[in-house]
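The lines below spell out each chain.
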Amino acid sequence: MTSHPTDRRMAALRARMKATGTELLALSPGPHMDWLLGFHPHPDERPCLLLITDAAAAWLMPALNAEGMREKTDLPFHPWSDADGPDAALAAALGAVGAADARHVALDEAMRADFALLLLDALPGARHSFTAPTLGALRMVKDDAEIAALRDSAALADAAMQALLAAARPGISEAALAEVARSHFIDAGAAPSFWIVGAGGNGAFPHHQAGQRLLERGDAVVVDIGAVKDGFPSDITRMFAVGTPPEGYAEVHAVAEAAVQAAMQAARPGVRARDVDAAARGVIADAGYGQYFVHRTGHGIGIEGHEPPWITSTSDTVLEEGMTFSIEPGIYLPGRFGIRLEEIVVLRADGPEVLSSLPRDLVVVDG
Ligand code: ZN
Ligand code: ZN
């Protein structure tokens, strides 16, 4: 992909490496590589590493993948065959990037343990860390193209949610409703990632799988769907009721909505992620439902559907303009119903911009 901002990202990465004393950064095929290069080689059990130092970068590459990768990258290859194994090629690659005596190596968090140990065994004097202060920190802040892609993906999720709501009626199963959203995503060229439809008491399980339960009048229903479109995910949760919602529902919905708004008010550049979580959690606790909010307030979203920053009660991550994350407080009342309202936001200088254009009000179907 010629338009991928590899050069700019590589320069920013090297500046971070310098600032953090990271002499070598090692990536394996996965999301970090996608962010940096716009592609990754076939991931399998054969060690494949991209080694980056201040001065150079090189691949440790399984020989059988080398030909296919030549057209995508002009960084030098150190290929190894199944017959020879990777040790000599790795030593050559480390020498080529000037990292044979590296004392601080940063590892891709998603690297296989056997790749990581192969590398660390080849660098007996090195201390290791992960990429959070370098590549991880850069990846959390999205550029305009990434935000545009997330916006497109969110618009498709809105449309899939509306299609699902239009099909909701008494007697249809959770699974059949989930299929409506899945089909909408697939018809638009997206790959569905998850399709939670939890009716009545099932909604009290935050990750309930859509099953054969039929919708009944009086059910409150949690719908949480997402799909990957053009490499970027969506994630949205809305609530509907079949006819009159259950006893006590309106009050709990109002508490969840107030929690969303409190988190939105708290989310500003310079604020810690834990303070956003505390804002949502405080509203729910003050209303007496604290023990029923059983998960974090949100998660980052970008190349991956769940990625940093984590909006948790313990996260000291300082939020920055351009970060994208979910705000999704929930209240789960066992045996009765669950409620979750989820927005994906882009943090702007003056606060969060919500990507969805759907209201968070309870939708009542077939009243
Ligand atoms: Zn979700
Ligand atoms: Zn989410």
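Novice: Could you give an account of the nonpolar core, naming the residues involved and the relevant values?
Specialist: Leu319, Phe325 and Ile331 are the most contacted members of the largest nonpolar core, which totals 31 residues. Among the secondary structure elements, those contributing two or more residues to this core are β8 (220–229), α9 (249–266), α10 (273–286), β13 (324–327), β14 (330–333), β15 (337–340) and β16 (343–348). For this core, the leading source of residues is α9, giving 8 residues. Leu156, Ile172, Ala190 and Ala227 belong to the second-largest nonpolar core, a separate cluster that totals 26 residues.

Novice: Report on the sheet that holds strand β1 (residues 24–27), specifying residues and quantitative values.
Specialist: Taken in spatial order, the 6 strands line up as β4-β3-β2-β1-β5-β6 in an open sheet, and their pairing is mixed. One side of each edge strand has no neighbouring strand; the edge strands of this open sheet are β4 (77–80) and β6 (127–130). Each adjacent strand pair in this sheet contributes to an overall mean axis angle of 20°, direction not counted. Judged from the 3 bridges that link them, β1 and strand β2 (residues 49–52) form a sheet pairing that is antiparallel. From the neighbouring strand, Ala26 faces β2, where its bridge partner is Leu51.

Novice: So what's going on with the pairing of β16? Which residues, and what values?
Specialist: Regular strands place their side chains on alternate faces of the sheet. In terms of residue burial, β16 counts as a mostly covered element, since 5 of its 6 residues are buried. Examined bridge by bridge, β13 and β16 share 4 bridges and lie antiparallel to one another. For Thr324, the partnering residue across the bridge sits in β16 and is Val346. Pairing of β16 with strand β17 (residues 351–354) involves 4 bridges; the strand directions are antiparallel. Residue pairing in the sheet places Leu347 in a bridge with Pro352 of β17. Connecting the antiparallel pair β16 and β17 is a turn made up of 2 residues.

Novice: An account of the packing of aromatic side chains is needed here, citing residue identities and associated values.
Specialist: Applying the stated criterion across every chain, the model contains 4 aromatic pairs. On the basis of an interplanar angle of 55° and a centroid distance of 6.4 Å, the ring pair of Tyr289 and Tyr292 is categorised as tilted. Following the ring pairs from residue to residue traces out a cluster consisting of Phe39, Trp59 and Phe77. Sitting over the face of the ring of Trp195, Arg182 holds its NZ or CZ atom 4.4 Å from the ring centroid. For the cation-ring pair, Arg281 lies above Phe293, with the distance from its terminal atom to the ring centre recorded as 4.0 Å.

Novice: Lay out the coordination of the zinc ion (ligand 2) with the relevant residues and their values.
Specialist: Within the protein, Asp235 (OD), His299 (NE2), Glu328 (OE) and Glu342 (OE) serve as the donor atoms for the zinc ion (ligand 2), at 2.0 to 2.2 Å. One chain supplies every donor for the zinc ion (ligand 2), spaced along it as D-x63-H-x28-E-x13-E. Separation of the zinc ion (ligand 2) from the zinc ion (ligand 1) amounts to 3.2 Å, with Asp235 serving as a shared donor to the pair. Here His299 is found in strand β11 (residues 298–300), whereas its partner Glu342 is found in the loop between β15 and β16, with 43 residues between them in sequence. When sorted by exposure, His299 lands in the same class as Glu342, which is buried.

Cut-offs used in this document
Residues numbered from 1 in each chain as written. Chains lettered and ligands numbered in written order. Predicted model: local features only at pLDDT ≥ 70, side-chain atom pairs only at ≥ 80, totals over all residues. Heavy atoms only, no water. Core = buried A, V, L, I, M, F, W, Y, C linked by side-chain atoms within 4.5 Å. Buried < 20%, exposed > 50% of the residue type's maximum accessible area, 1.4 Å probe, protein only. Helix = DSSP H or I, 4+ residues; strand = E, 2+ residues; numbered from the N terminus. Pairing = 2+ DSSP bridges. Axes fitted to C-alpha atoms, helices over the stretch in contact; angles between N-to-C directions. Phe/Tyr/Trp six-rings, centres within 6.5 Å; stacked < 30°, edge-to-face > 60°. Lys NZ or Arg CZ within 6 Å of the ring centre and 35° of its normal. Donors = N, O, S within 2.8 Å, 3.2 Å for Na, K, Ca; no water.

So far we have only geometry, and geometry alone does not tell us how the molecule works.
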